[in-house]
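Descriptive structure summary
Letter by letter, the chains look like this.
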Amino acid sequence: MMSQFKPCLGKTACRDDGTRCLTCGRTLEEIMRLRALIEQLTELAIDYDYENVDEFSSYIAHKLNKSIPYRRANPIDD
């Protein structure tokens, strides 16, 4: 069974038990991984001085919406 993603309500709303956020229910590890990935995408846009941030963000969302179902159907062998 797949889980549901619940967006963060902001650092000021975050309350944790040392393992997971009590507000959104995600693990602290998951939150930190996502923050690191967002930081990498942010750095990429800044490094290349993208002026059209909305288009960059839309492209990322579009690619994720296509890539996730594809990868679920075609897992990479480890």
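How each quantity is defined
- Residues numbered from 1 in each chain as written.
- Predicted model: local features only at pLDDT ≥ 70, side-chain atom pairs only at ≥ 80, totals over all residues.
- Heavy atoms only, no water.
- Helix = DSSP H or I, 4+ residues; strand = E, 2+ residues; numbered from the N terminus.
- Rg over C-alpha atoms; globule rule 2.2 N^0.38 Å.
- Buried < 20%, exposed > 50% of the residue type's maximum accessible area, 1.4 Å probe, protein only.
- Contact = heavy atoms within 4.5 Å.
- Areas by Shrake-Rupley, 256 points an atom, 1.4 Å probe, with all protein chains shown as cover.
- Lys, Arg positive; Asp, Glu negative; His and termini not counted.
- Charge placed at Lys NZ, Arg CZ, Asp CG, Glu CD.
- Phe/Tyr/Trp six-rings, centres within 6.5 Å; stacked < 30°, edge-to-face > 60°.
- Patch = residues over 30% accessible without salt bridge, like charges linked within 9 Å, V, L, I, M, F, W, Y side chains within 5 Å.
- Salt bridge = Lys/Arg side-chain N within 4 Å of Asp/Glu carboxyl O.
- Polar contact = N/O pair within 3.5 Å; in protein donor to acceptor, adjacent residues only side chain to side chain.

A tally of regular secondary structure across the protein gives two helices and zero strands. Over its C-alpha trace the protein gives a radius of gyration of 15 Å, far above what one expects of a compact globule, namely 12 Å for 78 residues. Projected onto the principal axes, the alpha-carbon positions of the protein cover approximately 40 × 35 × 20 Å. Classification of the 78 residues of the protein by burial places 9% in the buried group. Counting contacts in the protein only where the partners sit at least 6 residues apart, residues at least 24 apart contribute 11% of the total. On the protein, roughly 7100 Å² of surface is accessible, and the fraction owed to carbon and sulfur atoms is 55%. Of the charged side chains in the protein, 11 are positive and 13 negative; the average position of the first set lies 9 Å away from that of the second.

This structure, assessed with the given rule, holds two aromatic pairs. Between the aromatic rings of Tyr48 and Tyr50, the centroid separation amounts to 6.1 Å while the plane-to-plane angle is 20°, which identifies the pairing as stacked. Judged by relative accessible area, Tyr48 falls into the exposed class, the value being 55%. By relative accessible area, Tyr50 is classed as partly exposed at 33%. Ring centres of Tyr50 and Phe56 lie 5.2 Å apart, and the angle between their planes is 50°; this geometry places the pair in the tilted category. Judged by relative accessible area, which is 14%, Phe56 ranks as buried. Each residue in the set Tyr48, Tyr50 and Phe56 is aromatic and connected to the rest through ring pairs, giving one cluster.

Where nonpolar side chains cluster on the molecular surface, the patch consists of Leu41, Leu44, Tyr48 and Tyr50 and spans about 370 Å² of accessible area. Judged by its relative accessible area of 33%, Leu44 is partly exposed.

Below, the discussion takes up the side chain of Arg26. Along the chain, Arg26 turns up in the segment before α1 (28–47). With no salt bridge to any partner, buried Arg26 finds its closest opposite charge in Glu30, at an N-O distance of 4.3 Å. Aside from chain neighbours lying at most four places away, what touches Arg26 is Phe5, Lys6, Pro7, Cys8, Arg20, Cys21, Ile31 and Leu34.

Let's shift gears to the environment of Lys6. With respect to the secondary-structure elements, Lys6 resides in the segment before α1. Judged by relative accessible area, Lys6 falls into the partly exposed class, the value being 40%. When the C-alpha atoms of Lys6 and Thr23 are compared, they prove to be 9.2 Å apart, with 17 residues separating the residues in sequence. For Lys6, the side chain forms a polar contact with the main-chain oxygen of Thr23, separated by 3.3 Å.

Don't take any of this as a statement about function, it's just geometry.
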